[in-house]
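# Secondary and tertiary structure notes
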Amino acid sequence: MTHTIRIIGIDPGLRRTGWGIVESRGNALSFVASGTVKAQLDGELAHRLVTLHRGLTEVVRQYVPDEAAVEQTFVNKDAGATLKLGHARGIALLVPALAGLSVAEYSPNSVKKTIVGAGHAGKDQIRMMVKVLLPKAEFDTDDAADALGIAICHVHHRVSLARIMRAVG
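Conventions and cut-offs
- Residues numbered from 1 in each chain as written.
- Predicted model: local features only at pLDDT ≥ 70, side-chain atom pairs only at ≥ 80, totals over all residues.
- Heavy atoms only, no water.
- Helix = DSSP H or I, 4+ residues; strand = E, 2+ residues; numbered from the N terminus.
- Rg over C-alpha atoms; globule rule 2.2 N^0.38 Å.
- Contact = heavy atoms within 4.5 Å.
- Lys, Arg positive; Asp, Glu negative; His and termini not counted.
- Charge placed at Lys NZ, Arg CZ, Asp CG, Glu CD.
- UniProt positions renumbered as here; feature names shortened; annotations may be inferred.
- Buried < 20%, exposed > 50% of the residue type's maximum accessible area, 1.4 Å probe, protein only.
- 1 Å grid on protein atoms, 1.4 Å probe; cavity = no way out; pocket = protein on both sides within 12 Å on 5 of 7 lines; lining within 4 Å.
- Points joined across faces, edges and corners; volume = space filled by probe spheres on them.
- Nonpolar A, V, L, I, M, F, W, Y, C, P; charged D, E, K, R; others polar.
- Arc of directions from axis to C-beta.
- Pairing = 2+ DSSP bridges.
- Axes fitted to C-alpha atoms, helices over the stretch in contact; angles between N-to-C directions.

### Focus: the overall build of the protein chain
A count of helical and extended segments in the protein chain gives five helices and five strands. In terms of overall size, the protein chain behaves like a compact globule, its C-alpha atoms giving a radius of gyration of 15 Å where 169 residues would be expected to give roughly 15 Å. Summarising its shape, the C-alpha atoms of the protein chain cover approximately 50 × 35 × 35 Å along the three principal directions. Considering only contacts within the protein chain whose residues lie at least 6 apart along the sequence, 60% involve residues at least 24 apart. The centroid of the 20 positive side-chain charges in the protein chain is displaced by 4 Å from the centroid of its 16 negative side-chain charges.

Here is the structure:
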């Protein structure tokens, strides 16, 4: 008998960290919840990270996911911005790991290719396909829609990842 797996997808950002939770049972996929943890732009970096940590910790506590998936950081022209985003990504990896969850990581292009079929899809295409795949989905920001896309990507890849880990381990 197939059992239900609850997955949280996290789209890390210093201003807005999106989160989305889906459940997978066999081939069935269902929307659970989504939202955005928002940090003040004018605050110190450390305080913004505390806000993100507290917000994600509350989401994990409330929804009790079984597994997590986080989007990898892409390197852009502004090395300082990439480094700061890396701090937010660290929080996104740490919170589920502290809760005892396995945490998978996916590149933005891998998520887009899984959800839309093209690695360079736009935010509007992600939102549209998330609504197609999860008709009951509600999201308040593009970040929450992206987080749902990350969770869906993990649903599609988790079985292959488990097989690889068993073969390597």
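Additional details are given in the paragraphs that follow.
### Section: the UniProt feature "binding site: Mg(2+) 2" (unreviewed entry) in the protein chain
When the UniProt feature table is mapped onto this chain numbering, "binding site: Mg(2+) 2" (unreviewed entry) sits at Glu71. Examined against the element boundaries, glutamate 71 turns out to sit in strand E4 (residues 67-71). Exposure remark for glutamate 71: the relative accessible area of 15% places this residue in the buried category. Contacts of glutamate 71, omitting those with residues within four sequence positions, involve Ile10, Asp11, Pro12, Arg89, Tyr106, Pro108, Val111 and Ile150.

### Notes on the layout of surface pockets
Space inside the largest pocket adds up to approximately 640 Å³. Around the largest pocket, the lining comprises 25 residues; the ones closest to its centre are Asp11, Pro12, Phe74, Leu85 and Asp143. Elements supplying a minimum of two residues to the lining of the largest pocket: helix H2 (79-98), helix H3 (108-115), helix H4 (123-133) and helix H5 (142-168). With four residues, the single largest contributor to the lining of the largest pocket is H2. Split into classes, the residues belonging to the lining of the largest pocket amount to nine nonpolar, five polar and 11 charged.

### Some thoughts on H3
Among all positions in H3, only Pro108, Val111 and Ile115 are buried. Taken down its axis, H3 places every buried residue within 65° of arc, on the same side.

### Notes on the sheet that holds strand E5 (residues 102-106)
Across the sheet, which stays open at both edges, the five strands sit in the order E3-E2-E1-E4-E5 with mixed pairing between neighbours. With partners counted over all chains shown, the strands left at the sheet margins are strand E3 (28-38) and E5, one partner each. Averaged over all pairs of adjacent strands, the angle between strand axes in this sheet comes to 20°, irrespective of strand direction.

### Structural notes on unusual backbone geometry
Most peptide bonds are trans, and most residues other than glycine sit at a negative phi. Here the phi dihedral of valine 64 falls at roughly 45°; this positive angle occurs in a residue that is not glycine. Tracing the chain through its elements places valine 64 in the loop between helix H1 (45-63) and E4. Take valine 64: its relative accessible area is 55%, and that puts it in the exposed class.

### Describing the UniProt feature "binding site: Mg(2+) 1" (unreviewed entry) in the protein chain
Mapped onto this numbering, the UniProt entry annotates "binding site: Mg(2+) 1" (unreviewed entry) at Asp11 and Asp143. In summary, the annotated positions, though distributed over 133 residues, converge in three dimensions, the widest C-alpha pair being only 6.1 Å. From the set just named, the residues that line the largest pocket comprise Asp11 and Asp143. Relative to the elements of secondary structure, aspartate 11 occurs in strand E1 (residues 5-11). If sequence neighbours within four positions are ignored, aspartate 11 has contacts with Arg16, Thr17, Gly18, Glu71, Asp143, Asp146, Ala147 and Ile150. For aspartate 143, the location among the structural elements is in helix H5.

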